[in-house]
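Remarks on the overall topology
Residues per chain, in single letters:
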Amino acid sequence: DIQMTQSPSSLSASVGDRVIITCRASQSIDTFLNWYQQKPGKAPKLLIYGESSLQSGVPSRFSGSGSGTDFTLTISSLQPEDFATYYCQQSYSTPITFGQGTRLENK
Amino acid sequence: QVQLQESGPGLVRPSETLSLTCTVSGDSITGYYWTWIRQPAGKGLEWIGRIFSSGSTKYNPSLRSRVSMSVDSSKSQFYLNVDSVTAADTAVYFCARNRRDVVSDVVHYYYDMDVWGQGTTVTVSS
């Protein structure tokens, strides 16, 4: 199985901050990397697929980059509704695997 | 817009079978892959497996011996069974639709999930 490791596991930031979350795969996954946002008690929401493509309806302050084994999710200017847990997911091979999550908290 | 709704017992006895239904509304179930994912309380996401509307399946090897999925297109529903459950199967279970797109009349299927149900909590306990 491909292991996905996110860092940091938790992050404190303020509204307006630029936030970067990283995700590392245990082997190359090309650009088959997706990002989800999950709020407490809710289902995950697809933010970015294929490493950098923004899902319809997702604000442009979210962006993704990377390839191979190292990827980043960037929130350019943090908004109040962005405090949540973020997961990366590899869709390169089955079993599909997720990172352990990054909890983004209000400083 | 398409909506997914999980349903099933919230409590299952150890060693019994967990059975869940996902009902699709607002769009056809045909021509898509459908996925089950679970999340133990306070923990991360685990992919259980996926099924195509034709019935072909792929399961997580960690669960393969205990998991089965099926689909009933006439009811716009797909299903999950997990046999011989233990407390480790206690989780929120989500159903989701796999993203697809059509380019030059060719359908491309992906393993990311663009539509999710709200999730249903299943507790395994005697």
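Above this note sits the structure.
Presented here is an overview of the structure given in this document. In this text the structure is predicted, and so the values were computed from the model without any measurement.

Along its length, chain B carries 0 helices and 11 strands. When the helices and strands of chain B are read in sequence order from the N terminus, they spell out β-β-β-β-β-β-β-β-β-β-β. A globule of 126 residues ought to have a C-alpha radius of gyration of about 14 Å, and chain B, at 14 Å, matches this closely. Counting the 126 residues in chain B, one finds 44% classified as buried. Looking at chain B alone, contacts between residues at least 24 apart form 53% of all its contacts between residues at least 6 apart. Here chain B displays about 5,800 Å² of accessible surface, and carbon together with sulfur accounts for 46% of that area. For chain B, the distance from the average site of its 11 positive side-chain charges to the average site of its 11 negative ones is 5 Å.

As a further point, take the environment of T120(B). Residues and elements named next belong to chain B. Structurally, the position occupied by T120 is in strand β11 (residues 120–124). Relative accessible area serves as the criterion here: at 13%, T120 is assigned to the buried category. Residues T120 and S68, spaced 52 residues apart in sequence, show a C-alpha to C-alpha distance of 18 Å. Contacts of T120, omitting those with residues within four sequence positions, involve E6, L20, A91, V92 and Y93.

The subject of this paragraph is the nonpolar core. L18(B), W36(B), F78(B) and L80(B) are the most contacted members of the largest nonpolar core, which has 27 residues in total. Of all the secondary-structure elements, those providing two or more residues to this core are β3 (18–25), β4 (33–39), β5 (46–52), β7 (67–72), β8 (77–82), β9 (91–103) and β11 of chain B. Of the residues forming this core, the biggest block, 4 residues, is contributed by β3(B). The contact partners of L80(B), leaving out residues within four places of it in the chain, are L18(B), S19(B), L20(B), W36(B), I48(B), V67(B), S68(B), M69(B) and Y93(B). Counting 23 residues, the second largest nonpolar core, distinct from the first, contains I29(A), L33(A), L47(A) and V58(A).

Below, the discussion takes up the sheet that holds strand β1 (residues 4–7) of chain A. Backbone-to-backbone hydrogen bonds pair the strands of a sheet. The strands run either parallel or antiparallel. Residues and elements named next belong to chain A. Reading across the sheet, the 4 strands line up as β1-β3-β8-β7 and stay open at both edges, with antiparallel pairing between neighbours. Looking along the sheet, the strands with just one partner apiece sit at the ends: β1 and β7 (62–67). With strand direction ignored, the average angle separating the axes of adjacent strands in the sheet is 20 degrees.

Attention shifts here to the interface of chain A and chain B. Contacts between the two partners involve 16 residues from chain A, matched on the other side by 17 residues from chain B. Inspection of the chain A/chain B interface yields 0 salt bridges. In this structure, the connection of chain A to chain B is made through 4 residue pairs in polar contact (both at pLDDT 80 or more). Where the side of chain A that touches chain B is concerned, the elements lending two or more residues are β4 (33–38), β5 (45–49) and β9 (85–90) of chain A. A per-element tally of the side of chain A that touches chain B places β4(A) first, with 3 residues. Tallied by class, the residues present in the side of chain A that touches chain B amount to 9 nonpolar, 6 polar and 1 charged.

Cut-offs applied
Residues numbered from 1 in each chain as written. Chains lettered and ligands numbered in written order. Predicted model: local features only at pLDDT ≥ 70, side-chain atom pairs only at ≥ 80, totals over all residues. Heavy atoms only, no water. Helix = DSSP H or I, 4+ residues; strand = E, 2+ residues; numbered from the N terminus. Rg over C-alpha atoms; globule rule 2.2 N^0.38 Å. Buried < 20%, exposed > 50% of the residue type's maximum accessible area, 1.4 Å probe, protein only. Contact = heavy atoms within 4.5 Å. Areas by Shrake-Rupley, 256 points an atom, 1.4 Å probe, with all protein chains shown as cover. Lys, Arg positive; Asp, Glu negative; His and termini not counted. Charge placed at Lys NZ, Arg CZ, Asp CG, Glu CD. Core = buried A, V, L, I, M, F, W, Y, C linked by side-chain atoms within 4.5 Å. Pairing = 2+ DSSP bridges. Axes fitted to C-alpha atoms, helices over the stretch in contact; angles between N-to-C directions. Salt bridge = Lys/Arg side-chain N within 4 Å of Asp/Glu carboxyl O. Polar contact = N/O pair within 3.5 Å; in protein donor to acceptor, adjacent residues only side chain to side chain. Nonpolar A, V, L, I, M, F, W, Y, C, P; charged D, E, K, R; others polar.

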